[in-house]
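This is what each chain is made of:
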Amino acid sequence: MLEIAGLQVAYGAIRAVRDVSLTLAEGELVTLLGANGAGKSSTLMCIAGALPAAAGAIRLEGQDVTAARPEVMARRGVATVPETRDVFPDLTVDENLQLGAYTRRNDTKGVAEDRTRMFGMFPVLAERSSQPAGTLSGGEQQMLVIARAMMSRPRILLLDEPSLGLAPTIVNRIFEMIATLKGSGLTILLVEQNASKALEVADRAYVMRLGKIEAEGTAAEIAAATDLKALYLAG
Ligand SMILES: Nc1ncnc2c1ncn2[C@@H]1O[C@H](COP(=O)(O)OP(=O)(O)OP(=O)(O)O)[C@@H](O)[C@H]1O
Ligand SMILES: [Mg+2]
């Protein structure tokens, strides 16, 4: 569904992504692991169209989208949840969700169905639907940004460090949600530093270090790789 070949991303003279090739098949949950500064977010934001590629190619269902703008990627079914976890704090939970569906706002019935589905999947959001999003806890805000992204009915979800800074019990709930979304047939690219949790839900994994893919395999293979910890410490 998604194919990245020899991707490079630079910030001026800083080459954040030096060589990333990866694939994502329909219905797969693939995780991109790596230490701080490995280049995971830069890779994700480049796929989303929010950062230009300095070299390499991004193909979506066989079509070149290397230079596609974020709105084009969104229209083609790629939803992105950046690590900044930005809700609209003064708008209610419900209004935040509705904004996620703005590209299909004329589909009143479909949007209402998706809203019901999201509230069913994330009951805490239903409980707090008329509360300003800024009053939610970090974990609830993470659920809201994922639910908001789902309101565009994406076919691929790009998730950047959904567990960052959250308490272990909340992290478990976020990962349960991710597993539920995968169960619904969604294709997911999950960027994580929490390798053990990510490998529990992922089909396959890539490990990034200093802008390059250093290891890849099934989640079980990567989890069993004895040098995984060393790889992280080295990052
Ligand atoms: N806006 C920017 N300007 C300059 N350098 C940047 C910028 N954003 C990221 N970098 C650098 O690019 C490299 C990769 O950063 P990136 O954020 O992609 O890594 P990451 O793997 O997502 O890290 P983290 O786990 O901390 O989120 C780092 O060396 C970082 O300092
Ligand atoms: Mg990052």
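Counting of residues starts from 1 at the beginning of each chain's written sequence and follows it residue by residue. Chains carry letters from A onward and ligands carry numbers from 1 onward, assigned in written order. Whole-chain, interface and lining totals are the exception, using all residues; otherwise, since this is a predicted model, local features are given only for residues with pLDDT of at least 70 and side-chain atom pairs are given and counted only at 80 or more. Hydrogens and water are ignored here; the side-chain numbers use all heavy atoms of the structure.

Visitor: Please explain the coordination of the magnesium ion (ligand 2) as it appears in this structure.
Guide: Around a metal, the perfect tetrahedron of four donors has angles of 109.5 degrees, and the perfect octahedron of six donors has angles of 90 or 180 degrees. In this listing, donors mean N, O and S atoms no farther than 2.8 Å from the metal, or 3.2 Å for Na, K and Ca; water is missing from the atoms, so a site can look incomplete. Summarising the metal site, the magnesium ion (ligand 2) is bound by the protein donors S41 (OG) and E83 (OE), whose distances to it range over 1.9 to 2.7 Å. Placement of S41 in helix α1 (residues 40-47) and of E83 in the loop between β6 (78-81) and α3 (93-100) is noted, with a sequence separation of 42 residues between them. Note on classification: 1.4 Å probe, protein chains only; a residue is buried when its accessible area is under 20% of the maximum for its type, exposed when over 50%, partly exposed between these limits. Relative accessible area serves as the criterion here: at 19%, S41 is assigned to the buried category. In this structure E83 comes out as partly exposed when scored by relative accessible area, which is 36%. The way it works is that DSSP assigns letters per residue, a run of H or I at least four long becomes a helix, a run of E at least two long becomes a strand, and they are numbered from the N terminus.

Visitor: Looking at this model, I keep getting lost on the site of ligand 1. Mind explaining?
Guide: Near is defined per residue: the residue qualifies when any heavy atom it owns lies within 4 Å of the molecule or strand. If you check the shell around ligand 1, you find 14 residues, and the closest are N36, G37, K40, S41 and S42. The term polar contact refers here to a pair of N or O atoms within 3.5 Å; inside protein, the definition further demands a hydrogen-donor-capable atom paired with an acceptor-capable atom, and it admits residues adjacent in sequence only when both atoms are side-chain atoms. For ligand 1, an oxygen atom lies 3.2 Å from a polar atom in the backbone of A38. Note that an oxygen atom of ligand 1 is positioned 2.5 Å from one of the side-chain N or O atoms of S42. Per-residue and other accessible areas follow the Shrake-Rupley method at a 1.4 Å probe size, with only the shown protein chains counted as cover for residues. In isolation ligand 1 has 630 Å² of accessible area, and contact with the protein removes 62% of it. Only β2 (14-24) and α1 provide two or more residues apiece to the shell around ligand 1. The greatest single-element share of the shell around ligand 1, amounting to three residues, is contributed by α1. Class assignment of the residues belonging to the shell around ligand 1 gives a composition of five nonpolar, six polar and three charged. Polar here means any residue other than Ala, Val, Leu, Ile, Met, Phe, Trp, Tyr, Cys and Pro, which are nonpolar, and Asp, Glu, Lys and Arg, which are charged; Gly is therefore polar.

Visitor: Explanation requested: the side chain of S129 in the structure shown.
Guide: The topology assignment puts S129 in the loop between α5 (123-127) and α6 (138-150). Filtering out sequence-adjacent residues up to four positions away, S129 remains in contact with T92, V93, D94 and F119. What makes two residues a contact is simply this: any of their non-hydrogen atoms within 4.5 Å.

Visitor: Quick question: what am I supposed to make of the pattern of salt bridges here?
Guide: Once their charged atoms are close, side chains differing in charge can pair, the charge on each being opposite to the other. Salt bridges are defined by distance alone: a side-chain nitrogen of Lys or Arg within 4 Å of a carboxyl oxygen of Asp or Glu. Under the criterion given, the structure shown has 16 salt bridges. With its nearest N and O atoms 2.6 Å apart, the salt bridge here joins E61 to R155. Here E61, found in the loop between β4 (55-60) and β5 (63-64), pairs with R155, found in the loop between α6 and β7 (156-160); they are 94 residues apart in sequence, far enough to count as distant. The exposure class assigned to R155 is partly exposed, which follows from its relative accessible area of 36%. Put simply, R153 and D114 hold a salt bridge, and the shortest N to O gap is 2.8 Å. Here R153 is found in the loop between α6 and β7, whereas its partner D114 is found in helix α4 (residues 108-121), with 39 residues between them in sequence.

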